[in-house]
Amino acid sequence: MHLARFPRVRLAHLPTPLEPMPRLSAALGGPELWIKRDDCTGLSTGGNKTRKLEFLMAEAVAQGTDIVLTQGATQSNHARQTAAAAARLGMECHILLEDRTGYNHENYRYNGNVLLDVLHGASIEHRGPGLDMNAEMDAVAERMRGEGRNAYAIPGGGSNATGALGYVNCAFEMLGQFNDMDLEVDHIVHATGSAGTQAGLVTGLKAMNAQISLLGIGVRAPRDKQEANVFQLAEKTAEKLGCPGIVAREDVVANTDYVGEGYGIPAESTLEAIDIFARTEAILLDPVYSAKGAAGLIDLIRKGHFKPGERVVFLHTGGAIGLTGYTHAFDVAARA
Ligand SMILES: *Cc1c(COP(=O)(O)O)cnc(C)c1O
């Protein structure tokens, strides 16, 4: 495994910190909890897409791209980090935003990630729900190429084998931290959506024979579909790295019991997770991804899923800027 063989632009503040969560561990009375702070990757309020974009944007640079396209839901963290990366590299950025939740609140439509998309100079067009958004984006990119632009299209969430290299790199980084700190880790838990994060992690962990269980908490698709998506991408990632077949189907485990009503719609357990993390560790979670992942972590601890004495690392994938797009979900006026 030799990541330096792949083109990469440096966009993230790395390594991100690995920190203990003593007050949360005590509050839950469960295993010893740690947090890997990929919310602190630095680029325009950070998040997990920055690591993927280091490899994706390097491909765009190598191709002489002048405009980068991507797509996501209205409050997409991926779109915001792509807009920021494009600004850093002097490229234009065009974003297709899908109205996936039906929310019409002003903050949802214009605050949070959308505000930052605009500040980074991205152009935006909108789509209704339920379309094949990657196909919509590819059609726009094709049209731009016909107009003489050198367009580079990044799939939703930056989740292809190139983007997943960013999370192979994170697996290396984490294992290095565990070893340096004499920290024996049993489980890593994180939110899983477009699959690139989990696919990269599982590939990197297997390649190093880390023997750490990895659990993705789903935010959208049912379990079978989520695990199949992650596995398929992990196979492509392993192939790209020159170690085909290293990930077995049973290495890919997702729990999708914490999605609630659907993507981008916080459940009661999502809001509870945001409160608990904010009050015990002063860590901000986001209502679409990291708080659903944390809700799964909290519930599984309460159910005794982890053995006494085990050590669990929660990978914080970022997104807290999205909180300002979700003020409607919190009863702020009654509490402020
Ligand atoms: C995109 C995202 C995820 C999910 O990562 P995938 O690689 O898409 O599975 C998790 N958390 C946050 C905050 C995200 O923006």
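To be clear, the structure that these remarks concern was listed above.
What you see is a predicted model; the values in this text were computed from it and never measured.

What counts, and where the lines are drawn
Residues numbered from 1 in each chain as written. Predicted model: local features only at pLDDT ≥ 70, side-chain atom pairs only at ≥ 80, totals over all residues. Heavy atoms only, no water. Helix = DSSP H or I, 4+ residues; strand = E, 2+ residues; numbered from the N terminus. Rg over C-alpha atoms; globule rule 2.2 N^0.38 Å. Buried < 20%, exposed > 50% of the residue type's maximum accessible area, 1.4 Å probe, protein only. Contact = heavy atoms within 4.5 Å. Areas by Shrake-Rupley, 256 points an atom, 1.4 Å probe, with all protein chains shown as cover. Lys, Arg positive; Asp, Glu negative; His and termini not counted. Charge placed at Lys NZ, Arg CZ, Asp CG, Glu CD. Near = heavy atom within 4 Å. Polar contact = N/O pair within 3.5 Å; in protein donor to acceptor, adjacent residues only side chain to side chain. 1 Å grid on protein atoms, 1.4 Å probe; cavity = no way out; pocket = protein on both sides within 12 Å on 5 of 7 lines; lining within 4 Å. Sits in = over half its atoms within 2 Å of the grid points. Nonpolar A, V, L, I, M, F, W, Y, C, P; charged D, E, K, R; others polar. Core = buried A, V, L, I, M, F, W, Y, C linked by side-chain atoms within 4.5 Å. Expected span 1.5 Å × (residues − 1). Axes fitted to C-alpha atoms, helices over the stretch in contact; angles between N-to-C directions. Parallel < 35°, antiparallel > 145°, perpendicular 65-115°, else oblique. Pairing = 2+ DSSP bridges. Right-handed = clockwise from strand over helix to strand, strands pointing away. Points joined across faces, edges and corners; volume = space filled by probe spheres on them. Left-handed = near helix turned anticlockwise from the far one by under 90°. Phe/Tyr/Trp six-rings, centres within 6.5 Å; stacked < 30°, edge-to-face > 60°. Lys NZ or Arg CZ within 6 Å of the ring centre and 35° of its normal.

### Side note on the overall build of the protein chain
A tally of helices and strands in the protein chain yields 12 helices and 10 strands. Against the compact-globule benchmark of 20 Å for 336 residues, the protein chain has a radius of gyration of 19 Å, which places it among compact chains. For the protein chain, the spread of C-alpha atoms along the three principal axes comes to 60 × 55 × 35 Å. The 336 residues of the protein chain split such that 58% are buried. Counting contacts in the protein chain only where the partners sit at least 6 residues apart, residues at least 24 apart contribute 81% of the total. Here the protein chain displays about 13600 Å² of accessible surface, and carbon together with sulfur accounts for 49% of that area. Taken together, the 31 basic and 39 acidic charged side chains of the protein chain have centroids lying 2 Å from each other.

### Some points on the site of the ligand
Around the ligand, the surrounding shell holds 17 residues, and the nearest of these are Lys49, Lys52, Ser194, Thr197 and Thr317. In this structure, Ala195 approaches the ligand through a main-chain N or O atom, which is 3.0 Å from an oxygen atom. For the ligand, whose unbound accessible area comes to 380 Å², protein coverage reaches 99%. In this structure the site holding the ligand corresponds to the largest pocket. Looking at the shell around the ligand, the elements that each hand over two or more residues are α2 (49–62), β7 (187–192) and α8 (196–207). Residues that form the shell around the ligand fall into these classes: 3 nonpolar, 11 polar and 3 charged.

### Re the nonpolar core
Generally speaking, a soluble globular protein has its nonpolar side chains buried in company with each other. Membership of the largest hydrophobic core comes to 27 residues, with the highest contact counts inside it found for Phe178, Val185, Ile188, Leu201, Ile212 and Val313. The element best represented in this core is helix α7 (residues 161–180), accounting for 6 residues. Each residue touching Ile212, except ones within four places of it in the same chain, is listed here: Leu175, Phe178, Val185, Asp186, His187, Ile188 and Leu205.

### Description of helix α9 (residues 223–240)
Note: α-helices contain 3.6 residues per turn, so residues at a spacing of three or four share the same orientation. Under the 1.5 Å per step criterion, the end-to-end length of α9 is 26 Å for 18 residues, consistent within 8% with the ideal 26 Å. Those residues of α9 that fall on the buried side of the exposure criterion are Gln226, Glu227, Val230, Phe231, Leu233, Ala234, Thr237 and Ala238. For α9, the elements touching its buried residues are α7, β7, α8 and β9 (254–255). Gly242 sits one or two residues past α9 and shows a positive phi near 85°.

### Thoughts on the packing of helix α10 (residues 268–280) against helix α11 (residues 290–302)
Here α10 crosses α11 at 85°, and the two axes come no closer than 8 Å. Considering their axes alone, α10 and α11 lie roughly perpendicular with respect to each other. Between α10 and α11, the contacting residues are Ser269, Thr270, Glu272, Ala273, Ile274, Ile276 and Phe277 on the first element and Ala291, Lys292, Ala294, Ala295, Leu297, Ile298 and Arg302 on the second. When its residues are assigned to classes, the contact of α10 with α11 shows 9 nonpolar, 2 polar and 3 charged.

### Comments concerning the pairing of strand β4 (residues 92–98)
The buried fraction of β4 amounts to 6 of the 7 residues, a majority that puts the element mostly inside the structure. Bridging between strand β3 (residues 67–73) and β4 involves 7 bridges; their strand directions are parallel. Residue Gln71 lies in a different strand from β4, and its bridge partner there is Leu96. The parallel pair β3 and β4 is bridged by helix α3 (residues 77–88), and the resulting crossover is right-handed. Here β4 pairs with strand β5 (residues 123–127) via 5 bridges, running parallel. By the bridge assignment, Leu96 is partnered in β5 with Glu125.

### Notes on the layout of surface pockets
Space inside the largest pocket adds up to approximately 950 Å³. Taken together, 45 residues line the largest pocket, and the ones lying closest to its centre are Gly156, Gly193, Ser194, Ala195 and Arg220. Among the elements of the structure, α2, β3, α3, α6 (133–146), β7, α8 and α9 are those that each provide at least two residues to the lining of the largest pocket. For the lining of the largest pocket, the element with the most residues is α9, which contributes 6 residues. Partitioning the lining of the largest pocket into residue classes produces 12 nonpolar, 24 polar and 9 charged.

### Considering the packing of α2 against α3
Across the interface, α2 lies against α3 with an axial gap of 10 Å and an inter-helix angle of 45°. Considering their axes alone, α2 and α3 lie oblique with respect to each other. The hand of the α2/α3 crossing is right-handed. Here Lys49, Thr50, Leu53 and Met57 of α2 come into contact with α3, specifically with Asn77, His78, Gln81, Thr82, Ala85 and Ala86. When grouped by side-chain class, the residues that make up the contact of α2 with α3 number 4 nonpolar, 5 polar and 1 charged.

### A word on the packing of aromatic side chains
Counted under the stated rule, the structure contains 5 aromatic pairs. For the ring pair Tyr103 and Tyr326, a centre distance of 5.8 Å and an interplane angle of 90° mean the geometry is edge-to-face. Of the two residues, Tyr103 sits in the loop between β4 and α4 (106–110) while Tyr326 sits in the loop between β10 (311–316) and α12 (332–335), which places them 223 residues apart along the sequence. With relative accessibility at 17%, the residue Tyr103 sits in the buried group. The exposure class assigned to Tyr326 is buried, which follows from its relative accessible area of 1%. An angle of 75° between the planes, with centres 5.8 Å apart, marks the rings of Tyr263 and Tyr289 as edge-to-face. Note that Tyr263 is positioned in the loop between β9 and α10 and Tyr289 in the loop between α10 and α11, a separation of 26 residues in sequence. For the pair shown, Tyr263 and Tyr289 are each scored as buried. One aromatic cluster in this structure is built from Tyr103, Tyr108 and Tyr326. When the ring centre of Tyr289 is taken as reference, the NZ or CZ atom of Lys49 above it lies at 5.4 Å. Between Arg100 and the ring centre of Tyr263, over which it is positioned, the NZ or CZ distance is 4.4 Å.

Nothing here speaks to function; it is geometry throughout.
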